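Secondary and tertiary structure notes
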Amino acid sequence: MRVNDPWALFDPAAPLGRLARNSGMARLGDWLEPHPHGIYVRPADAWIDPSEPEARALVTHGHADHARGGHGAVWATPETLAIMDARYGEQAGHPVAYGESIRMGEVEVGFVPAGHVLGSAQIVLDYRGERVVVSGDYKRRPDPTCTPFEPVKCDVFVTEATFALPVFRHPDTGDEIDKLIARLHANPDRCVLVGAYALGKAQRVIAELRERGHEAPIYIHGALQRLCDLYAEHGVRLGELLPVADAKKADMAGHVVMCPPGALNDRWSRRLPDPITAMASGWMRVRQRARQKNVELPLILSDHADWDELTDTLSEIAPREVWVTHGREEALVHWCEQRQIKARALALVGFEDEDD
C-alpha cells in the first residue's frame, strides 16, 4: 500500500530525536539479520540483495553481486527492474520509484538515489521508531548517467567499503577523460580500446566523453549493445554508437572503441587498428593491477565512493551505528571507533570487481 506523503517518512533532514525513540529493543537494528548471502528484514519477511533465490527480495541495483534472478518477487526501482529483465529474463517485479514508499509487514520501505549506476538506490527501512538505511553501492561524484546520491539521516547506516583505505582517493573525473581524449588525438592512426564493465561503467565513460565535447562516433563490442540501448531508452545521452562487428579496421582509426574488460586482450581485439589499451576502473590506482591486465592507459574512474567520500558521508549522516560490508571493512570500522561511532563488519558475500 502506498502512503500519501512518502517524504514525511523519508525526509533526509528529519531530526534523529524523532527517529530513534526508545523502542524497548535490546540493540539497534536487532530486527535485521545479516547472513552471508544477504540481509533478512524479519518484520517485513524480505531479503535485501540476496545472492540466492528468495521469496521476497528488495534489490538496490542491477549489478550481479546485488541482483540475481530466480526470486519469487522483487521490489526495486523501475530502472533496476528493467536491467534485471535484460540480464536475467522477466522478473516478478514491483517497481518503487525514488520518493515512494511501501509497507511490508510492519516496515515502511522507501528507495532513495545512491548515485552508483542507473536506477541504483539506498533502501530506507522504518520500524518502530528506528530508521536503517542500506546504501548498497554508492558514490558522491556527479555522473551524467544516474541520479545523485541523497544523504538520509538514520540510526543505522549500512555502508559499502570497496575503496575504504586512505590510499584510494579518486582523481577528478574530467582530468581522466581528458587523458583519454588527448591520447586519441595524439595517435590518429590508432584507436583507444577502453575496457569497462557492461553495466554502468561503459555507459558512464561514453556519457562523460560527450560531456567533454567528444561527439565522434564511438564503436562498441556487441556485449555492450543491449545495456547501452537500455540506458538510451531511459534518457541517457550516449550519442552515435556503432558496432565493431560492422566496421572495417580503417574506419576505427582515430576513434574510441569500448569493450568489456575480458575482451581487452582477447583475439577479438586483433581486428582493431593498433589499439592503445585502456581500462576504466577505480582499481587502476593500483599499478600492479594495470600491469597484470596489460593496460597501457589506466583511467582511474570509479562508480564507488573513495576514502574521503565514505568518511565525509558518515560525518554528514551522523548515524548512531555503522555497519560495514563489501571491501576494506576493518579500516572503516577503525575510523568509526576512533570517533566514538559504534561500528561492526558484516560478513556478506560480494564480488567487488564485477562493477569496478
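The structure we're discussing is the one just above.
Cut-offs used in this document
Residues numbered from 1 in each chain as written. Predicted model: local features only at pLDDT ≥ 70, side-chain atom pairs only at ≥ 80, totals over all residues. Heavy atoms only, no water. Core = buried A, V, L, I, M, F, W, Y, C linked by side-chain atoms within 4.5 Å. Buried < 20%, exposed > 50% of the residue type's maximum accessible area, 1.4 Å probe, protein only. Helix = DSSP H or I, 4+ residues; strand = E, 2+ residues; numbered from the N terminus. Contact = heavy atoms within 4.5 Å. Pairing = 2+ DSSP bridges. Axes fitted to C-alpha atoms, helices over the stretch in contact; angles between N-to-C directions. Salt bridge = Lys/Arg side-chain N within 4 Å of Asp/Glu carboxyl O.

**Overview of the nonpolar core**
- Membership of the largest hydrophobic core comes to 36 residues, with the highest contact counts inside it found for Val194 and Met258.
- Sort the elements by how many residues they give to this core and helix H5 (residues 201-211) lands first, with five residues.
- Met258 has contacts with Val194, Ala196, Ala202, Val205, Ile206, Ile218, Tyr219, Ile220, His221 and Leu224, leaving out every residue within four places of it along the chain.
- Residues Leu28, Trp31, Ala73 and Leu346 belong to the second largest nonpolar core, which totals 28 residues.

**Thoughts on the sheet that holds strand S12 (residues 192-195)**
- In space, the six strands of this open sheet follow the order S14-S13-S15-S12-S16-S17, with parallel pairing throughout. Two strands in the sheet have a free side with no partner beyond their single neighbour: strand S14 (241-243) and strand S17 (297-299). Across the sheet, the mean angle from the axis of one strand to that of its neighbour is 30°, orientation sign disregarded.
- Bridge analysis of strand S13 (residues 218-220) against S14 gives three bridges, and the strand direction is parallel. Bridge assignment links Ile220 to a residue of S14, and that residue is Pro243.

**Remarks on the pairing of strand S1 (residues 32-35)**
- Note that S1 and strand S2 (residues 38-41) share four bridges and pair antiparallel. Paired with Glu33 across the strands is Tyr40, a residue of S2.
- What sits between the antiparallel neighbours S1 and S2 is a turn of two residues.

**A closer look at the pattern of salt bridges**
- Across all of its chains, the model carries 21 salt bridges by this definition.
- Ionic pairing is found between Lys179 and Glu176, a salt bridge with its closest N-O pair at 3.3 Å. Note that Lys179 and Glu176 are positioned in helix H4 (residues 173-186) at a spacing of three residues, about one turn of the helix.
- For Glu176, a relative accessible area of 6% gives the class buried.
- Here the salt bridges share partners, and the residues they tie into one network are Lys139, Asp143, Arg204, Glu208 and Asp303.

By themselves, these observations are geometric and do not establish any function.
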